[in-house]
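Remarks on the overall topology
Spelled out from the first residue to the last, the chains are:
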Amino acid sequence: MDKLSDRVKRLGYSQTFVMSNKAREMKASGIDVISLTLGEPDFDVPDNIKQAAFDAINQNYSHYSPVPGFLELREAIAYKLKRDNNLEYKPTQICVSNGAKQAIINVLAAIINDGDEVLLPAPYWVSYDEMVKMMGGNSVMLPTSYVTDFKVTAEQLEEAITEKTKAVLFSSPCNPSGGYYTYDELKSIAKVIAKYPQITIISDEIYEYINYETNTTSIAQFPEVYEQTAVINGMSKAFAMTGWRIGYSACPEWLAKACEKVQGQMTSGANTVAQRASIVALKADPSEYRYMIDAFKKRRDLVYELIKEIPGFKVVLPKAAFYFFPDISYYIGKTLDGTEIKNSDDFAMFLLENAHVGCVGGFSFGSPECIRFSYAASEEELREAMKRIKNLLEKFN
């Protein structure tokens, strides 16, 4: 008898962690590997946030919090959403979770029945499709390319809607492309979704602050879809708090209550010390953390000039987040040093084994012709990584 459920057998492993673990194993064996796999800021947590955590420990915040989070934190999130996004949410509309990943799972668990369809503009974060599978839904991929800056149009979205469509899930700014939807683009999408009240928009805005051009727009700002939208955000990226595991959703009341019900049966409230520290982080002026974004921008500009010189790469300048997502279709179908490159996952492994640079293939992002590099690394590492890749690939051109 097979002891594993059909549900778990449908799931795949995160390719991000597969490549990261492979890079770690090679490094542990003595190979000089530069890993640009994980989407994690390489900065330490700012001192004011760390001090707030120490204070919380000394004040004995060691007991269960309310399932949706401390009221003070939900008030701080509401304050942030009004200050930065011009969005009105009450604390009762907010659910604090163990990372933004759980916030998305909560929403999907609350709305998806077996066989429901979720529209995923590709490329998408690697976990989206697996989350939909976990909830019994079916993902419908909407392909894009570097030519369109990896964004779908409202018309493309509407063509994919069927009577089974229950949600559309996307990130803006986007992991892995580093692009984001403009005000006008989101306005067009909002007009389409407003015609289909059964559809919930799940807007992942975790990279909101890491934006090099202008403030990003939340689709929840459009009144016609406010009651259809779940805004997802968290502390991991802008505050370098990846290991603290604090995310949140802001939703219409009916959905917020459903998320609280789901979370109450899974994990209950998030880490209490991290919650208290998050209050301080969110209430501070965002300019206090600008130094990290400025450093990311400098690295982005550096990598852009270097990556353009790599033969066979087609790349657009990312406007946000900390990733490059070059199209490497030039190499697909070729045999390099005896290695057949069937897709970008093969190519990523080829780079790891031959250039000793870790990246992630685009297959699990829904774009099998691309690879993802994180530039959340030192300038020295980034220069060396691009040099290694260029020197390797010049042999085949």
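The numbers attached to residues start from 1 for each chain and follow its sequence in the written order. Under the rules for a predicted model, residues below a pLDDT of 70 receive no local features and side-chain atom pairs below 80 are neither given nor counted, while totals for whole chains, interfaces and linings still include all residues. Side-chain measures were taken over the full set of non-hydrogen atoms in the model, leaving aside hydrogen atoms and water.

An unreviewed UniProt entry lists the protein under the name Aminotransferase, with Chryseobacterium cucumeris as the source organism. UniProt positions are given in the numbering used here, feature names are shortened, and annotations may be inferred rather than shown by experiment. UniProt's Sequence similarities (unreviewed entry) comment on the protein is quoted here verbatim: "Belongs to the class-I pyridoxal-phosphate-dependent aminotransferase family." Recorded in UniProt for the protein, the comment headed Cofactor (unreviewed entry) runs: "pyridoxal 5'-phosphate".

On to the environment of Pro197, then. Topologically, Pro197 is positioned in the loop between α8 (183-193) and β6 (200-204). Along the sequence, Pro197 and Leu108 sit 89 residues apart, while their C-alpha atoms lie 16 Å from each other. Counting from the N terminus, the helices are DSSP H or I runs at least four residues long and the strands are E runs at least two residues long.

Attention shifts here to the layout of surface pockets. Any residue with an atom within 4 Å of a point lines the site, the site being either a cavity, points on a 1 Å grid over the protein atoms alone where a 1.4 Å probe fits but cannot get out, or a pocket, an open set with protein on both sides within 12 Å along at least 5 of 7 lines. Grid points are joined across faces, edges and corners, and a volume is the space filled by probe spheres set on the points. Empty space within the largest pocket amounts to approximately 540 Å³. Forming the walls of the largest pocket are 25 residues, and the residues nearest its centre are Gly39, Lys101, Trp125, Lys237 and Arg245. Among the secondary structure elements, those contributing two or more residues to the lining of the largest pocket are α2 (15-28), α5 (100-111) and α6 (126-134). Partitioning the lining of the largest pocket into residue classes produces ten nonpolar, nine polar and six charged. For the second largest pocket, the calculated volume is near 370 Å³. Around the second largest pocket, the lining comprises 20 residues; the ones closest to its centre are Gly12, Val126, Ser127, Glu130 and Met131. Those elements that provide at least two residues to the lining of the second largest pocket are α5 and α6. Considering each element in turn, the lining of the second largest pocket owes the most residues, seven residues, to α6. Residues are grouped as follows: Ala, Val, Leu, Ile, Met, Phe, Trp, Tyr, Cys and Pro are nonpolar; Asp, Glu, Lys and Arg are charged; every other residue, Gly included, is polar. A per-class count over the lining of the second largest pocket returns nine nonpolar, seven polar and four charged.

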